[in-house]
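# Geometric and topological summary
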2 protein chains.
Amino acid sequence: MEQVDLLLRNAYVFNSYLKKFIKKDIAVKKHKFYWIDDELKVNAKVEKDLTDKYVIPGLIDSHMHIESSMTTPNNFSNAVIKFGTTTIVADDHEIANVAGINGLKEYINSGENTLLDIFYAIPSSVPSTNEQMETTGGQIGIDEVTDLLKDPRIICLGEAMNFKGITGDSTSLIKQIIEKCLNIKPNFPIEGHCPQYSGEDLAKFIYAGIRSDHTQQTAQSIVEKISNGMFIQIQRKTLNKDIIKAIYENNLLEHVALVTDDVMPDDLLKGHLNSILKLAINSGMKPEDAIYISTYTPARHMNLRDRGAIAPGLIADFIILDDLSSFKINSVYKNGLVINDNNNDSSYDYSDKLSNSVKAKKLVKSDFILKTNLVKNGLVDANIIGLNMNSTFTNQIDLKLEVKDNFVNWQMQGLCLLLVQERYSESNNIQFGLVKGALAKKGAIGSTWAHDHHNLMILGNDINAMMRVQNRLIDEQGGYIVSDESSILEDVPLTVGGVVSLLPVSDLGKKVEHLRSCMNNLGYYNQNEIMSFSTLSLLVSQKIKISDKGLFDVKTQNKIPLFCFEHKKDFGNRIIK
Amino acid sequence: MEQVDLLLRNAYVFNSYLKKFIKKDIAVKKHKFYWIDDELKVNAKVEKDLTDKYVIPGLIDSHMHIESSMTTPNNFSNAVIKFGTTTIVADDHEIANVAGINGLKEYINSGENTLLDIFYAIPSSVPSTNEQMETTGGQIGIDEVTDLLKDPRIICLGEAMNFKGITGDSTSLIKQIIEKCLNIKPNFPIEGHCPQYSGEDLAKFIYAGIRSDHTQQTAQSIVEKISNGMFIQIQRKTLNKDIIKAIYENNLLEHVALVTDDVMPDDLLKGHLNSILKLAINSGMKPEDAIYISTYTPARHMNLRDRGAIAPGLIADFIILDDLSSFKINSVYKNGLVINDNNNDSSYDYSDKLSNSVKAKKLVKSDFILKTNLVKNGLVDANIIGLNMNSTFTNQIDLKLEVKDNFVNWQMQGLCLLLVQERYSESNNIQFGLVKGALAKKGAIGSTWAHDHHNLMILGNDINAMMRVQNRLIDEQGGYIVSDESSILEDVPLTVGGVVSLLPVSDLGKKVEHLRSCMNNLGYYNQNEIMSFSTLSLLVSQKIKISDKGLFDVKTQNKIPLFCFEHKKDFGNRIIK
């Protein structure tokens, strides 16, 4: 009789090919499934009876960003593997924006020994705009792509999003990158980010080689995109009854997968891809189908032929569930071995490049003074950023502000001062914006976790609080900090590249949860306060955003002056004067 | 408006993702599909109205052997593209057996400019047994595999079939080959040949990394294999109503593809993968599903992400059908260009290695004399090969033959003499067998197309005819020849490696058809006469076969003496004395 390492008897085993549970025994040999059948006759070192239990493959997250959880690969692994996520494909574009290809490589290497299997995407859009619009700590060009293509852990091109570059006639960088990838690896998945494109726009995007999308879908868009050849990665905000109905009506299961995309550290305390899976079931999907699209289809989409099902020869990654209704996890196995509660060692000494990445000088009071000479009748026309409670999109608001001796009285009408300080080249270049609807009480919020360029960004209505936050961010080389007028209320250290914490996720999550409540205490409200603030600097997110190069109209990519003599009506086409 | 090369209006276009026909326009730009939608607004160089016509993707054959059609890549391309086959994955193991890696490379390179897109498999089993059992003109070992893995046209490992090597504990060559492939290309498809394996045997086969099978299936085996993780390539002999019922009942469509495997030259006159597709429909499959498994699933299985559907960015390979019931082909497009009737230039000068590959000396009458000293009462016990009318399997028959002065009277009881002459090393080693049930009239059949070693094999009951055939095979350096007692009835020259003809398939097919009738005229009958004869030398095909090393019991791989003192009952375990 064959000698095996592990034998599980009488479980309801999920068969990914038949999309159903069948009562079977499972034998595991040398970290792989060996044989799944009835009443196996093998000699097993360890044997367990799993009567009434369910066994499903380990979950595979085919589109996500580790830095969205503000953590390291090691800590991320410890955080998610207990939720049954055993494989991820990570697009670490934040680290690439902060520290370029060398920082990216270091971050990848730091996670070399995680229990979790981590594959990587080549960040395709670093920066997501260009040097004229933002200063980043690194760029991924053709040379970097060529270099990264040599790494067997890197298995796809991350979300291409530059619509103009992708659909235009010229040979843009993103077109060159796609061509390089397909030239060297013809079956490399080319991932896209194409919200709301349809018709010829969508055709052009796909014609350029882009074969997947993970942005928010409607029942209509998911059918249009899949019928044009896209694989759709369904994240939380896409999931609803209409989407699931559209999937069933059009028989689209094989062309979709569940993904997490971004999970904030505090949410990570509650679950990972298993949460999305449960949400899919609660939205009307059959459990068997939800499992299939969290295991089998993502593996196939990513060319990972050694996993995604419970079948001979595949890596023995699996979850034992107590029951199918609650999806309560009994235990998780990676490579045929049970995961215990003791976290794996997560320590790693990051180099100076990542540990000391905030090069900016400390600001003093006089740095916060806003002056203008564009005065007319004691007033200046200002282009103000208006916040939304329900999204991360902003509005542009035209306001007239008082000016006295060229000093602008921005404190009127409850405005906040917003500044971005360049932190890579020691230029210390600072740009200002003004925000309406941000804070109700005196205080400041500041962070180096400011997408995508991750320069130093401070928002506040109290100069002392802003200085306090700015100075602390430099002292600790990155973080996320809230201060009221007298003292710091929460300080989440993000000391790796200014975007990632060394704290275990259990601690980090609690601190981030508290950070939110501190933001709320100052009067900053949003369905995701942290993303709302941190995307004030995201130049590919509507409508008016800021970088170290100034304010920008996202749609036209044109610069917007903070102050001007007179507002024009057609804001979208405004040209800098 | 966008400028496109080709615009097809009002066709019923097959959507592979929705598995249905939808009335659409199709725009093609730079050899790729650009946009498929209603009433397209584009400027087109060429525009056609396809009202009432159907458009489906070009057919993709994911498992086949060009040499089974006894032809060159160029002639094969000309023969099949008019039937709508636009991509094949060829496992050229016959050429590799005949001429090793250099011959294989030359054969591949000879087809570099075919209209048909040809991808290749690494022949995994050259030889399919070992040096002790047969002499081949080449071997594919680890070094050759490593070399071939560098070629981007080579996209999978061809059918691994050595059950002992694959399932045993030792580190066999085939295990090393699989490991090497997956080490260098982790998502390389590893194709298998695993007839009738089930249970733990099947699990072991799949555990070793083998992920597909194209051998004949039953309704039960197809479900067992797919539920264990295999992709099943369905060839003609697998197709029947039970199989199709099993596919539908278990929802297995995404895990199967239609393939041709082997198509004889005369059959190639009638059709290619389109014939299998029609057979699938006639056996009860929905046309849409039959198209899906001849286009989309084979592309996905082979990681060919640039084809297999009509969608933006994919290569514009497609077929226009007059109607869906007859599947009558109106026209075929490759890379967006219509295929016309004029064959592409198929000339190619093969090197001496392939053009002069039959090194054996011409035999004379005395070479055909069969002697033995194992005589008892004037008789010798002989192990005779018995033919089957309905398969290529043989039986072992025990007969007592008269011996006079040590000369064996094999002519009694309608026996034929079978000889295999080694033709690679100039050893001229000859082995004899005796066959019952082969010929009714006087004559001989001979060929260098003798699977898998392709030595020179002659069967006959008339020494002059055997000599005539053998001598001609040497004169023309390979062929397939039938002679009656007075003259040659048909001679199919196979002058490339002794297995491939330079004739266009239109001529070759007719000659092969005539060859069959000549075999029939001599009394040789089988549902496939040519394969029946040519697999008398196939040492992995049941039950008793012959090579230049002697007669073998295929199951045990033990040598069988042609003559012995006394037969044992348990033939399967007989050991050579």
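Since the model is a prediction, treat every value here as computed from it, not as a measurement. (Residues numbered from 1 in each chain as written. Chains lettered and ligands numbered in written order. Predicted model: local features only at pLDDT ≥ 70, side-chain atom pairs only at ≥ 80, totals over all residues. Heavy atoms only, no water.)

## Here we look at the overall build of chain A
Helix and strand counts for chain A come out as 15 helices and 29 strands. In terms of overall dimensions, chain A is globule-like: its C-alpha atoms have a radius of gyration of 25 Å, near the 25 Å expected for 577 residues. Considering only C-alpha atoms, chain A reaches an extent of 95 × 50 × 45 Å along its principal axes. For chain A, with 577 residues in total, the buried portion stands at 63%. Intrachain contacts of chain A at a sequence separation of at least 6 include 67% that bridge at least 24 residues. Here chain A carries 62 positive and 70 negative side-chain charges, and the mean point of each set is 3 Å from the other. (Helix = DSSP H or I, 4+ residues; strand = E, 2+ residues; numbered from the N terminus. Rg over C-alpha atoms; globule rule 2.2 N^0.38 Å. Buried < 20%, exposed > 50% of the residue type's maximum accessible area, 1.4 Å probe, protein only. Contact = heavy atoms within 4.5 Å. Lys, Arg positive; Asp, Glu negative; His and termini not counted. Charge placed at Lys NZ, Arg CZ, Asp CG, Glu CD.)

## Side note on the packing of aromatic side chains
Enumeration over the complete set of coordinates arrives at 30 aromatic pairs over all chains. Ring centres 5.7 Å apart and planes at 45° place the aromatic pair phenylalanine 33 of chain B and phenylalanine 318 of chain B in the tilted group. Here phenylalanine 318 of chain B lies in strand E14 (residues 318-321) and phenylalanine 33 of chain B lies in strand E3 (residues 32-37), a separation of 285 residues in the sequence. Owing to a relative accessible area of 0%, phenylalanine 318 of chain B belongs among the buried residues under this scheme. Measuring from centroid to centroid gives 4.5 Å for phenylalanine 163 of chain B and tyrosine 197 of chain B, while their planes differ by 45°, and the two rings are tilted. Taken as a pair, phenylalanine 163 of chain B in helix H4 (residues 163-167) and tyrosine 197 of chain B in the loop between strand E10 (190-192) and helix H6 (199-207) lie far apart in primary sequence, 34 residues in all. Overall, the relative accessible area of 19% leaves tyrosine 197 of chain B in the buried class. By the ring-pair criterion, three or more aromatic residues cluster together here, those being Tyr12, Phe14, Phe21 and Tyr54 of chain A. (Phe/Tyr/Trp six-rings, centres within 6.5 Å; stacked < 30°, edge-to-face > 60°.)

## Examining the confidence of the model for chain A
Close reading of the predicted structure is inappropriate where its pLDDT is low. Residues and elements named next belong to chain A. Per-chain confidence: chain A averages 95 in pLDDT, with 98% of residues scoring 70 or above. Under a pLDDT of 50 for its full length, residues 569-577 has, in the predicted model, 20 contacts with residues more than four places off or in other chains. Among the prediction metrics, the complex's ipTM stands at 0.93, with pTM recorded as 0.95. (pLDDT = per-residue confidence, 0-100.)

## What to know about the relation of the copies chain A and chain B
You can overlay chain A on chain B at an RMSD of 0.1 Å; the transform is a turn of 180° with a shift of 0.0 Å along its axis. Put plainly, the chains are arranged around a two-fold axis. Mapped onto chain B, 100% of the interface residues of chain A are again interface residues, and the two copies thus contact each other with one and the same surface. (Least-squares fit on C-alpha atoms with pLDDT ≥ 70 in both.)

## Observations concerning the nonpolar core
Counting residues in each nonpolar core, the largest one holds 345 residues, and the members touching the most others are Phe318 and Leu401 of chain A together with Phe318 and Leu401 of chain B. Among residues more than four places away in sequence, those in contact with leucine 401 of chain B are Gly378, Leu379, Val380, Ala382, Ile384, Val408, Asn409, Met412, Leu415, Leu434 and Phe563 of chain B. (Core = buried A, V, L, I, M, F, W, Y, C linked by side-chain atoms within 4.5 Å.)

## Some thoughts on helix H7 (residues 219-227) of chain B
Since the α-helix packs 3.6 residues into each turn, any two residues three or four apart lie on the same face. Within the span of H7 of chain B, buried status applies to Ser221, Ile222, Val223, Lys225, Ile226 and Ser227 of chain B. Buried residues belonging to H7 of chain B abut strand E1 (3-15) of chain A together with H6, strand E11 (212-213), strand E12 (231-234), helix H8 (241-249) and strand E13 (256-258) of chain B. After H7 of chain B finishes, the residue glycine 229 of chain B shows a positive phi value of roughly 105°.

## Concerning empty space enclosed by the protein
With the rule as written, the count across this model stands at 7 cavities of 30 Å³ or more. Taken together, 35 residues line the largest cavity, and the ones lying closest to its centre are Arg300, His301 and Arg305 of chain A together with Arg300 and His301 of chain B. For the lining of the largest cavity, the secondary structure elements donating two or more residues are helix H11 (287-301) of chain A together with helix H11 (287-301) of chain B. Looking at the lining of the largest cavity, its residues break down into 15 nonpolar, 10 polar and 10 charged. (1 Å grid on protein atoms, 1.4 Å probe; cavity = no way out; pocket = protein on both sides within 12 Å on 5 of 7 lines; lining within 4 Å. Points joined across faces, edges and corners; volume = space filled by probe spheres on them. Nonpolar A, V, L, I, M, F, W, Y, C, P; charged D, E, K, R; others polar.)

## Remarks on the UniProt feature "domain: Amidohydrolase-related" (unreviewed entry) in chain A
When the UniProt feature table is mapped to this numbering, "domain: Amidohydrolase-related" (unreviewed entry) covers residues 54-336 of chain A. End C-alpha to end C-alpha, residues 54-336 of chain A measures 16 Å, and it is 38% helix and 18% strand. (UniProt positions renumbered as here; feature names shortened; annotations may be inferred.)

## Let's talk about the interface of chain A and chain B
Across the contact, 44 residues belong to chain A and 45 residues belong to chain B. A combined buried area of about 3,900 Å² lies between chain A and chain B, and 47% of that area is made up of carbon and sulfur atoms. The three residues of chain A that bury the most area against chain B are Tyr17, Tyr207 and Arg305 of chain A, which together make up 21% of that side's buried surface. At the boundary of chain A with chain B, the tally comes to 6 salt bridges. A salt bridge links glutamate 2 of chain B to lysine 204 of chain A, with the shortest nitrogen-to-oxygen separation between them at 3.7 Å. (Buried area = accessible area lost by both parts, 1.4 Å probe. Salt bridge = Lys/Arg side-chain N within 4 Å of Asp/Glu carboxyl O.)

## Let's talk about the packing of helix H10 (residues 273-282) of chain A against H11 of chain A
Residue and element names in this part refer to chain A. At a closest axis distance of 9 Å, the pairing of H10 and H11 adopts a crossing angle of 145°. Our pair here, H10 against H11, has a crossing hand that is right-handed. Listed contacts from H11 to Leu273, Leu277, Ala280 and Ile281 of H10 are Pro287, Ala290, Ile291 and Ser294. Partitioning the contact of H10 with H11 into residue classes produces 7 nonpolar, 1 polar and no charged. (Axes fitted to C-alpha atoms, helices over the stretch in contact; angles between N-to-C directions. Left-handed = near helix turned anticlockwise from the far one by under 90°.)

## A short note on the environment of leucine 401 of chain A
All names here are of chain A. Locating leucine 401 in the fold gives a position in strand E18 (residues 395-404). The exposure class assigned to leucine 401 is buried, which follows from its relative accessible area of 0%. The sequence separation of leucine 401 and aspartate 381 amounts to 20 residues, and the corresponding C-alpha distance is 6.5 Å. Leucine 401 has contacts with Gly378, Leu379, Val380, Ala382, Ile384, Val408, Asn409, Trp410, Met412, Leu415, Leu434 and Phe563, leaving out every residue within four places of it along the chain.

## Some thoughts on the sheet that holds strand E9 (residues 154-160) of chain A
Residue and element names in this part refer to chain A. In space, the 8 strands of this open sheet follow the order E6-E7-E8-E9-E10-E11-E12-E13, with parallel pairing throughout. Each edge of the open sheet is held by one strand with a lone partner, namely strand E6 (59-64) and strand E13 (256-258). Summarising the sheet, strand E12 (residues 231-234) and E13 pair through 3 bridges and their orientation is parallel. Across the sheet, residue isoleucine 234 finds its bridge partner in E13, namely leucine 258. Across the sheet, helix H7 (residues 219-227) is in contact with strand E11 (212-213), E12 and E13; its angle to E12 comes to roughly 145°. (Pairing = 2+ DSSP bridges.)

## A few points about unusual backbone geometry
For the peptide bond that leads from glutamine 542 of chain A to lysine 543 of chain A, omega is 5°, which places it in the cis range. With respect to the element layout, lysine 543 of chain A can be found in the loop between helix H15 (529-534) and strand E26 (544-547). Phi at methionine 70 of chain A takes a positive value of approximately 55°, unusual for a residue other than glycine. The topology assignment puts methionine 70 of chain A in the loop between E6 and helix H1 (73-80). The exposure class assigned to methionine 70 of chain A is buried, which follows from its relative accessible area of 0%. Positive phi values are uncommon outside glycine, yet asparagine 428 of chain B reaches one of about 60°.

## A word on the state of the cysteines
Here the structure, examined in full by the defined rule, presents 0 disulfides over all chains. Here cysteine 416 of chain A is not disulfide-linked; the sulfur of cysteine 518 of chain A is the nearest cysteine sulfur, at 16 Å. (Disulfide = S-S within 2.5 Å.)

## A closer look at the sheet that holds strand E27 (residues 550-553) of chain A
All names here are of chain A. If you trace the 3 strands from one edge of the open sheet to the other, you get E26-E27-E28, paired in antiparallel fashion. Every interior strand has two partners, whereas the edge strands, E26 and strand E28 (558-560), have only one. Across the sheet, the mean angle from the axis of one strand to that of its neighbour is 45°, orientation sign disregarded. In this sheet, E27 lies alongside E26 in antiparallel orientation, the contact comprising 4 bridges. In the strand pairing of E27, serine 547 is matched with glycine 550.

## Details of the pattern of salt bridges
Going through the model one piece at a time under the given rule, you end up with 54 salt bridges over all chains. Here aspartate 306 of chain A and arginine 307 of chain A are joined by a salt bridge, their closest N and O atoms 2.8 Å apart. Residue aspartate 306 of chain A is classed as partly exposed on the basis of its relative accessible area of 30%. The buried category is assigned to arginine 307 of chain A, whose relative accessible area is 8%. For the salt bridge of aspartate 117 of chain B with lysine 334 of chain B, the shortest nitrogen-to-oxygen distance reads 2.9 Å. In this pair, aspartate 117 of chain B is assigned in strand E8 (residues 117-122) and lysine 334 of chain B in strand E15 (residues 329-334), connecting sequence segments 217 residues apart.

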